[in-house]
Structure formats: C-alpha cells, structure tokens
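Read off the chains here:
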Amino acid sequence: MGQFSGGCYLSFFIFVLLGSQVPTTLARGYEDCISATTGTGKLENIMESKFNPSKITSQRGEALQHGQSGTLPHFLEEPVDAYIVKSNPIKLRCQARPALQIFFKCNGDWVHQSQHTSQEHTDLTTGLKIREVMINVSRQQVEDFHGPEDYWCLCVAWSHLGTSKSRKATVRIAYLRKNFEQDPQGTEVPLNGMIVLHCRPPEGVPVAEVEWLKNEEPLSFDDGNVMEKKGDHNLIISEARLSDSGNYTCVASNIVAKRRSATATVIVYVNGGWSSWTDWSPCNVRCGRGVQKRSRTCTNPAPLNGGAFCEGMSVQKSTCNTVCPVDGGWGEWSEWSTCSSDCERQRSRECTAPEPKHGGRLCDGVAVATENCTGGLCTQNRKLLHDAKPQGVENSSDVALYSGLAAGVVTVVLLIVAVTLYRRSQSEYGVDVIDSSALTGGFQSFSFKTSRQANPLLINSSMQPDLTVSRTYTSPMCFQDSIDKELMAERSFLDPLPDLKVKGVTERAEYHVMSHPQTFPRGLAPDYRGVAVGTTLGRRGKNLFSPHVSLTPRLPLHRATAVFGHAGGRLVVPNTGISLLVPHGGIAEDTTWEMYMSINQEDSSTVSEDGPEIFLSPAVTYGPPGLDLSYPIAMTIAHCAEVAADNWTIRLKRHIQDNKWEEVMSVDEESTSCYCLLEAQKCHVLLEHPGRYALVGEPLNQEAGKRLRLAVFGSPDASNSLGFTLRVYCVDDTPHAFQEVAVGERSRGGRLLEEPKMMLFKANTFSLQVSIQDVPQLLWSIKPFTTCQEFSFSQVWASNQHPLQCAFTLERYSHSSSQLSCKISIRQVTGKEQILQVYTSVVENEKGVVPFFTQSDCTITSQTGSRAFKIPLSIRQRISATFDTANANGKDWQLLAQKLHIDRNLCYFACQESPSSVILTLWEAQHQDSGDLDSLASALEEISKVHSPKAVTLSCSKEERDSEFTKLA
C-alpha cells in the first residue's frame, strides 16, 4: 500500500485545474492512485468532488485554511505500546497538525473508516486545525493475528503537500504465570557472612517487577549492606547481622497479577567463643599435693540461633603443692619463781615445741601460771588470804533487790494491758472484731508442728504451740494434711478471744460422726454417716485429726463426687484447676446432698452461631439438678485469656437445650443472679443454680491474646530400633488441657523432655509455626521437608482445650549414638519465638523421666467440714454477725468488701441473706491455694482505723434475684 506519493497529489491538482476538460483516462489513473490508499468509500467522495466545481472550490478553501506554508503533517500524539488485560480492549490514539485526513494501518492493512473515531478542533494559537483519530483493538484481533512479529499499528496523516507516518505501536496480551522459575531457598549463615537469595519470577508480559518482603514487610534497600541485583533479582546482604534473620519472600507483579514465592527462612547464627580464663583457684587441700583449676565460659560470644558450641575444654586443672601448717606446742614449764610480797609465785612456758608455722594453730592454754606460795598462811591487808571474799559476792544482795523490782514492774504492765484488752472487748459492738487487737494478732500466719510423742493421735489441749517449725499450705492440685491448721485455729485464733464461745475438739469430732437423719436426696442410704471411703466409725472415733476426705481412685478422670451436709466442704477435680466450695450453712441441717462436678468437652462452634466468641475455659457441670442451697457456692475455673489489657469481652455462659449457650453475665457488668471475680489465670464464680457453665471471650482487637502451653515429649520409635519421635503439643494454658496431654503420653510411654513453657497467641489471624533446629547432622537424620510444620490460625484459636500435636521423626545412624540434642522453635508469624531445648538419652536404661505433675498420684478430691476452710467457723460467724448489721460508724459488709478488694457488683451481695458470709466464701475460694490469712487480718485492722465512712445502703429482694435468673433460664 504505502503512503501517497507526490505524483498523486500533482495529478489531483492538474485534475482540478482542468476541470471537466480532463480525459476520462486521467481520472481513472487518479482513481487507482486514491483507491490504493483510502479505499473505495473515500474514492467515491473524491470522485464526487472531482466532478462538482463547488466542492472543488470548498476543498481549495479547506487546503488554504490548513495552511499553505508547505509543511507536512506533524504528529502531536503518536500511538504507544499497549497491553490487553484479560478481555478489555485498548485504544490507540493519533493527533496531527495540519492534516486533511488520518488513517490507521495495522499489520500492513488499512483499518476501515467505520472503525475510526475522529474529531478536530482549531489551535487558538496558530489558527490551524488539529485532527485526532482513535481506534479500538480487541483481544480477539490480537489472538487471530499470526505473524513473525507482534501485532502493530501506525498512523498515516496527509496534507496538500504529502504524507507522514507515526511510530509503530505494538499491542500484546498481558499475562503472568503462577509458578516462579526459581524460588528463594532458606539458608543459615554465620554472623557477618554473606546472604544470597535467588529469585527468578514467573514468565509474564510485561516483564514482572520484583520486590522483597521480610517478615511480611517491604524490605528497605536504603541500608548499603542490603542490595538487589537487578538483572536476575537476587537479594544480596554483604554482611549478615542478627537482625537480618527472618522470613523472606520474593513478590513478582505486573499489570495483570501479583505472585508470591515460597518463603525462605534465613537464620543468622553466632558460633560460640571462649571468654578469658579466670584466675587459678586456691589449692583444694591445705596440706600436701592437691589440684587447682581455672575455667572459662562459651560467652564471648555465646552461641546463638544454632551456632556451634565452643571447641575445647571449659576447665583446666593443674597440680599444686601446699606447705602443710604446723600447729604450735608448749615447751616445758620453767622453775617456780621466789615467793613475792603478795604471797604468790609464778612459772611460765613458751609455744616453741614446735612453733606454729604456715598458718598453724597457736597453743591452747595459759603461758604463765600463778599460785599461793604459803599454803594460805600469808596475809593481805592484815587479813588471812583464805578469809578474803571475791568482790562480786558483796553485791549479790543488790542484784536480788533489782530483780524483784523489775519483776514487779513487768507484772503491773501486764495487768494494764489485760484490762485494756478487756475494755476493748466490751465495746459498742458486743462481739466486736473490728477493734479487737487480739483478733488481729490471732490472724498471723503461724503454723505449728504437732507433738509426735506417745500416741500421735491424741493431742493435749493445754499443749503450748511450737513456733520453731512452719508449714505452708499451698495445694492447687491436692489437699494437704489439715492437722496443723486445726491446731492453728484452736490456739492462735480462739485463745486470744475471751468473749467468743467455741466448740471444743470433742464437739467437733462428734459432729463429724453424727448421722444425717431422714433426708437423703440422690437416693442415699440412711446408714451413710459422712465417712470417707474405706474409713470406719470406730476409726473416726479414735483418729480425731485425720483428714475428712473422699478417696476416689476409680472415678472418671474428669469427674469428682462427694456427699456434703450442713458443714459444707470443698470438691476438687484433681490437676485441672477446677474446684467447688460449698459454704457452711449452704445446705439445710439434717440434710445431705451427693454433689458432683465434671468437665465436658465443647466445640467452639457451639458458642454462638455467628460471632467470634471462643471458649476460654473448660465447660464445667455441677449438680445434682434441683439442688437447694441457702447460700451460693463458689466455683473456681481456670482460663487461658490474657486479661492484663482490656482486649477482651469475657462472659459467663450457661448451657441450655439444643446444644446452645445463653449469656448469664459479662464479667465487666453488674448482676444480681451471679458474681464473677476474674483473675489473671482463674475466675471465681458465685452460683446458686446447678448446670453447665463456661467462660467465653470475644476479642475486641488483634492485640487480644490467649495463653498457650508448649511441651515436647519423646519416645523411641516402636517400628524402628534406630528411630526416635519428638511430639510437640500446643494447648490452652489451663491445667485441664495439659493433663489431657500428660495422660495420653503416659499411656504411650512418652517422656517430658523440657519444662513446659507459655507463649501468647494473638488474634491477628497469623498461623503458628513449629520447626526443629540444630539436629546433629552427623549423628541423626530427619525426613526432608518435615523440619517445619504449621497450624492454621483457626486451628489454634478455636482449639478449646483440645491438644494440637505435631511430630518429628528422627533416625540415628548408629546404635552408639545415645544422645539427642536439638531445639524446637515455636512462633506465631510476626510474633515472638519460644525455644524448647531438648537434650535427652534415647537408650532405654538411661532414661530419666521428668514427672508430669508434682502430685501425679493425687486421688483426694474432697474435704468436708471445718478442714475445708481457711477461716475457722467461730471466727467466720463472729465476722458475719459484726458486719451484716449496719452501725453508726458505717462499718458494715460494704466496707469489708472494699478492704478485701471484691467491692465490684455490690448489688449481688445486697441480695444475700448474709452478705458478709458470701463475701468470706468468695475470699475462701480466692485464697484456697495460698492459705494465707494475713490479707484478711490486715483488712480487719484497716477497718478498725476507719472513722465514720460514708455508707451507701444497698438492698434487693430475693425475688428480684430469682426473677433475673429466670429470664436467663
């Protein structure tokens, strides 16, 4: 085709000048010329104007308007290279001045006029017309073109003097393949070494641009230590630093898509280096040949991130010789001296046989001896020597006088103190514990050892306490022997209170063996007498101080039962952090209930149909249904929420029909139906209605986190004598969840290889990665592609007490390799890392079992009566009687709750028949592990110093409380 030649335009103007006189053959020649360039449609227009004089004149005027300066068309805008994304067509645009016409030519063919979109306007500066033309190119057009080069288009513009061509613009279909030609590979490099990560992006049009991410953040190249080789997109870090450790990702992108490579983990390790030698130690013997040593540590630097430990010895020993010390010895006595005027004579000796040398001891005894030399007949100061009295004897009568006066003064002081205490005990309260210094003194954390002489089961009530031995009562899993606590209650609490009537030891023992007449819910036999399994009444009658507990070795793992009466007691599911406290008086007199408590496994999907709530504690059921209580019970439930910051909304929920849960209350709100006291690892709940309860949480932001307990167990591979399996568990940080793991591992013969550790797992949707590191490559092998395993966020976040486990199977090359050392790294992506260090023997007879629990054989699940409580019953009754009744000074149960730091949701206590008793029940549940009465004594002492506090009267009826719970039921 080609552009118009000057000859065509010359023929055109000759044709115009000659008009109708031109022969037909000339017109046909011009027609062929135009047809070759513009097509048939344009030819018809030109031919029409050729035989129309008025149109010829118009075209002449148009040519003049476009300028007669003799210039060719000039392109103001040329078509540019373009890419078709998916199925979206692209536009090619041309703009020229001056131009009579502009057409596109694609792949050597003229584009039809109907496919052009043209417009023109006048340049205000030059007065010349500017013509603009656009065409669309579709994906189908490009795909249908098959040629040696890419699909291309250009513009042809002409004026009255000639034509001009624009640049060629190529049109290509954009794409980006999915797979990288080369993914970066993880590596371990020493400190200050070079890191090189290779990346070849997927094939694409246009060519993909590459960027690097470190721990999901764009990598900065401002640091001169980090550079990217543009040609092949390699990442090079010339001198590795510890901060360069991380997860690196190569990201390729173009106008179509963005692709991510596999993540490469880079670990910058530090090989250990020896510190300087210490000074030589002293010789280990005082005399003769011995050994002295010096040491150094692998801390300069310490090995880090799997770096090699220092080679060589950490201790050097050397022989040493110490001169033996020579102890001194006395020589012979000298002769006696002559008798002096004082009737005395002397003799001496020297420490020279031998002399003390090299640190030896001096001689013992006196070096000079003196004696009377006249046999008592010599006189001093005109008296016989044997009549002389020692000087101190003359003053002995004065000592006796002063001693008598001091005893009298002490007696008077004691009388004054006794009178003062008596007057205080008769103050305005009658049974005043607020101003009683004796009570405050009685609440000291004394513990006494019991006498084991003669019959150990009988204790003399007049026995004085021995303050030389103490015992701490902390028992989160099991109960301790409560003998010492009974003694403490009798001697330390009750004796200082003369106006307090307390039952004696005999009465208390008689109460425990008293039968429970008539009423036996749950089908109990009338001959049940509240005696522990395997205990007889005769034995109870003799052993007054044996713990009153129920031994239930055959109960299910997550269930505990016991029979409680009017005296109340405590029920515990061992090793789970779950307990139940039944207060004294909570069950009516002459009535017993067989109560139970069990742990149920729940699925987080059942918490709410739509919402992000998850279980934060086990689901705990207590019963039986229909249990009738006068006072609420206190249930303690362990949870795994991180409650240090306000990132959670935590609610207590109750199980209802159809496997659904309803909200009882939010721990941050007030309620008269129940009470929640949330602590860092536990929640104490006051309840009156049996059922199944659980703590659930809704995260408010991504900083909300729950605690995970991490543990690694190991055992030989049963199918391979050279194999050894490491099992890593990630469970909610509650005793119950970890017990599930421990029981399972005990059944399969697993060993706990490292003390469990805690980590915080946040609600940021990032997964949990578990990897094994520093496996001795020369001694052990591990299956490829199994060194790093991952739990998804949803698996960990909604695990709900179910253990998550991953396993690493290793194989030693020889039976002689009996030791295994490695590290287990556990981290949430973008979070902190926890390391479990494994160093164990894999030989059967060298196993050292790490116990799962300090009290793994615990079978005691309940205590009844006074032994279940920290506060003796008489003291509890006295406190309740004092604070339940408001007085003029405003020292009532509200002030008691405030001083015990449980003064939130006071409306709940106001609805109780005895608010003080309920407050003390909650305090008992809160301090069941510590057994420390100091906080209660300190609170009472502070109350005694308060003068007329402002009292706010709170009240509610039992009907209001029951109606609120009925709304939930």
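For the structure, see preceding data.
Along each chain, numbering runs from 1 in the same order as the chain's sequence is written. Residue-level local features of this predicted model are given only where pLDDT is at least 70; pairs of side-chain atoms are given and counted only at 80 or more, and the full residue set underlies all totals for whole chains, interfaces and linings. Excluding hydrogens and water, the side-chain figures rest on all heavy atoms present in the structure.

## Quick word on the overall build of the protein
Counting secondary structure elements, the protein contains 18 helices and 51 strands. Each residue is assigned to one of three classes by its accessible area relative to the maximum for its type, calculated with a 1.4 Å probe on protein chains only: buried under 20%, partly exposed between the two thresholds, exposed over 50%. Going through the 969 residues of the protein one by one, you find that 44% of them count as buried. A contact between two residues is defined here by any heavy atoms of the two lying within 4.5 Å. Within the protein, contacts between residues separated by at least 24 positions form 70% of all contacts whose residues are at least 6 apart in sequence. As displayed, the protein offers around 50,600 Å² of accessible surface, 52% of which is attributable to carbon and sulfur atoms. In this description a helix means any DSSP run of H or I spanning at least four residues, a strand means any run of E spanning at least two, and both kinds are numbered starting from the N terminus. With residues, only the protein chains shown are counted as cover, and all accessible areas are computed by Shrake-Rupley using a 1.4 Å probe.

## Focus on the layout of surface pockets
Buried and open spaces are told apart on a 1 Å grid over the protein atoms alone, a cavity being a set of points where a 1.4 Å probe fits but cannot get out and a pocket being an open set with protein on both sides within 12 Å along at least five of seven lines. Residues with an atom within 4 Å of a point are the lining residues. Grid points are joined across faces, edges and corners, and a volume is the space filled by probe spheres set on the points. Within this model, the largest pocket holds a volume of roughly 1,300 Å³. In this structure, the largest pocket is lined by 42 residues; those nearest its centre are Asn 247, Thr 265, Ile 267, Ser 771 and Cys 788. Counting only elements with at least two residues in the lining of the largest pocket, the list comes to strand 12 (187–190), strand 19 (246–253), strand 21 (264–269), strand 45 (768–773), strand 47 (788–791), strand 49 (819–828) and strand 50 (833–841). Looking at which element gives the most residues to the lining of the largest pocket, the answer is strand 45, with five residues. Side-chain classes follow a simple rule in which Ala, Val, Leu, Ile, Met, Phe, Trp, Tyr, Cys and Pro form the nonpolar group, Asp, Glu, Lys and Arg form the charged group, and the remainder, Gly included, forms the polar group. When grouped by side-chain class, the residues that make up the lining of the largest pocket number 14 nonpolar, 19 polar and nine charged.

## Regarding the nonpolar core
Nonpolar cores are built from buried Ala, Val, Leu, Ile, Met, Phe, Trp, Tyr and Cys residues. Side-chain atoms within 4.5 Å join them into one set. If you look at the biggest cluster of nonpolar residues, it comprises 69 residues, and the most contacted ones within it are Leu 652, Leu 726, Ile 824 and Ile 826. Tyr 631, Ala 634, Leu 677 and Val 918 belong to the second-largest nonpolar core, a separate cluster that totals 34 residues.

## Let's talk about the side chain of Glu 132
Summarising the element assignment, Glu 132 is placed in strand 7 (residues 129–137). The buried category is assigned to Glu 132, whose relative accessible area is 8%. The contact partners of Glu 132, leaving out residues within four places of it in the chain, are Arg 93, Cys 94, Gln 95, Thr 117, Ser 118 and Gln 119.

## Thoughts on the environment of Arg 709
Mapped onto the elements, Arg 709 comes out in strand 41 (residues 705–716). In the structure, Arg 709 is positioned 24 residues away from Asp 733 in sequence and 4.8 Å away in space, judged by C-alpha atoms.

## Here we look at the pairing of strand 19
Counted residue by residue, strand 19 has seven buried out of eight residues, so it is predominantly covered. DSSP-based pairing: two strands are paired if at least 2 bridges between them are found. One ladder, built from six bridges, connects strand 15 (residues 209–214) with strand 19; its direction is antiparallel. What sits directly across from Lys 214, in strand 19, is Tyr 248. As defined by bridge partners, strand 19 adjoins strand 21 across three bridges and the pair is classed as antiparallel. Its bridge partner being in strand 21, Tyr 248 is matched across the sheet by Ala 264. Where strand 19 meets strand 20 (residues 258–260), three bridges bridge the pair, whose relative direction is antiparallel. Along strand 20, the bridge assignment pairs Ser 253 with Lys 258. Between strand 19 and strand 20, which pair antiparallel one after the other, the connecting turn spans four residues.

## Overview of the pairing of strand 51 (residues 860–864)
With four of five residues buried, strand 51 lies mostly within the body of the structure. As judged from the three bridges shared by strand 30 (residues 569–573) and strand 51, these two strands associate in the antiparallel manner. Residue Leu 571 lies in a different strand from strand 51, and its bridge partner there is Ser 862.

## Points about the sheet that holds strand 3 (residues 90–97)
With antiparallel pairing, the four strands of this open sheet are ordered in space as 1-3-7-6. Every other strand in the sheet has two partners, leaving strand 1 (74–77) and strand 6 (117–122) as the edge strands with one partner each. When strand polarity is set aside, the average angle formed by the axes of neighbouring strands in this sheet is 25°. As judged from the six bridges shared by strand 6 and strand 7, these two strands associate in the antiparallel manner. Angles here are taken between N-to-C directions and fall from 0 to 180 degrees, while the axes themselves are lines fitted to C-alpha atoms, restricted in helices to the stretch in contact.

## Some words on the state of the cysteines
Cysteine sulfur atoms that come within 2.5 Å of each other are treated as a disulfide pair. A complete count under the given rule lists seven disulfides for this structure. Between the sulfur of Cys 339 and that of Cys 373 lies a disulfide, 1.7 Å long from S to S. Of this pair, Cys 339 sits in the loop between strand 23 (315–322) and strand 24 (344–348) while Cys 373 sits in the loop between strand 25 (368–372) and strand 26 (379–380); the two residues are 34 residues apart in sequence, bridging distant segments of the chain. Across a sulfur-sulfur distance of 1.8 Å, Cys 351 and Cys 363 are joined as a disulfide pair. One disulfide, between Cys 351 and Cys 363, carries an S-S torsion of 75° and so falls in the right-handed class. Highlighted residues: Cys 351 in the loop between strand 24 and strand 25 and Cys 363 in the loop between strand 24 and strand 25, separated in sequence by 12 residues. The pair Cys 351 / Cys 363 is uniform in exposure class, with both members buried. The thiol sulfur of Cys 806 is not disulfide-bonded, and the nearest other cysteine sulfur, from Cys 730, lies at 6.3 Å. We note that Cys 907 lacks a disulfide partner, and the nearest cysteine sulfur, in Cys 911, lies 6.9 Å from it.

## What to know about the side chain of Gln 912
With respect to the helices and strands, Gln 912 occurs in the loop between helix 15 (906–910) and helix 16 (915–926). What makes Gln 912 buried here is its relative accessible area of 7%. For the purposes of these results, a polar contact is taken to be a pair of N or O atoms within 3.5 Å, where, inside protein, one atom must be able to donate a hydrogen and its partner to accept one; residues adjacent in sequence count only when each atom of the pair is a side-chain atom. A polar atom in the side chain of Gln 912 sits 3.4 Å from the side chain of Glu 688.

## Observations concerning the packing of aromatic side chains
Each Phe, Tyr or Trp ring (for Trp, its six-membered ring) is paired with any other whose centre lies within 6.5 Å, and the angle between the two planes then decides the class: stacked below 30 degrees, edge-to-face above 60, tilted in between. A complete count under the given rule lists 15 aromatic pairs for this structure. With centroids separated by 5.6 Å and ring planes inclined at 10°, the aromatic side chains of Trp 648 and Trp 797 adopt a geometry described as stacked. Of this pair, Trp 648 sits in strand 36 (residues 648–656) while Trp 797 sits in helix 12 (residues 793–797), and the two are 149 residues apart along the sequence. Judged by its relative accessible area of 7%, Trp 648 falls in the buried class. Taken together, the aromatic side chains of Trp 648, Phe 761, Phe 793 and Trp 797 make up a single cluster linked through ring pairs. Above the ring of Trp 152, the side-chain terminus of Lys 168 is found at 4.1 Å from the ring centroid. Only when the NZ atom of a Lys or the CZ atom of an Arg is both within 6 Å of the ring centre and within 35 degrees of the ring normal do we say a charge sits over the ring. When the ring centre of Trp 333 is taken as origin, the NZ or CZ atom of Arg 347, which lies over that ring, is 4.5 Å away.

## Details of the sheet that holds strand 45
Taken together, four strands build an open sheet; the order of strands is 47-45-49-50 and the sheet is antiparallel. Looking at the sheet topology across the chains shown, the edges are occupied by strand 47 and strand 50. Within the sheet, the average angular offset between the axes of one strand and its neighbour, ignoring direction, is 20°.

## Brief notes about helix 17 (residues 934–944)
Regarding helix 17, the residues found buried are Leu 936, Ala 937, Ala 939, Leu 940 and Ile 943. When helix 17 is viewed along its axis, its buried side chains cluster within an angular range of 160° and face the same direction. Relevant arc is that of directions from the helix axis to the C-beta atoms, nothing else.

## What about a nonpolar patch on the surface?
Grouping into patches uses exposed residues only, defined as over 30% relative accessible area, and leaves out salt-bridged ones; the cut-off is 9 Å for like charges and 5 Å for nonpolar side chains (Val, Leu, Ile, Met, Phe, Trp, Tyr). Whenever Lys or Arg places a side-chain nitrogen within 4 Å of a carboxyl oxygen from Asp or Glu, that contact is recorded as a salt bridge. The grouping of Val 409, Val 413, Val 417 and Leu 421 at the surface amounts to a nonpolar patch, some 320 Å² of accessible area in total. Locating Val 417 in the fold gives a position in helix 6 (residues 396–425).

## Considerations on the pattern of salt bridges
Enumeration over the complete set of coordinates arrives at 24 salt bridges. For the salt bridge of Asp 81 with Arg 167, the shortest nitrogen-to-oxygen distance reads 3.6 Å. Taken together, the residues span a long stretch of sequence, with Asp 81 in the loop between strand 1 and strand 2 (82–84) and Arg 167 in the loop between strand 9 (163–165) and strand 10 (169–173) at a distance of 86 residues. For Asp 81, a relative accessible area of 42% translates into the label partly exposed. Among the ionic pairs, Arg 139 bridges to Glu 143, the shortest N-O distance being 2.9 Å. You can see Arg 139 and its partner Glu 143 sitting in helix 5 (residues 139–144), four residues apart, about one turn around the helix. Connected through salt bridges with shared partners, the residues Glu 613, Arg 651, Lys 653, Glu 663 and Glu 698 form a single ionic network.

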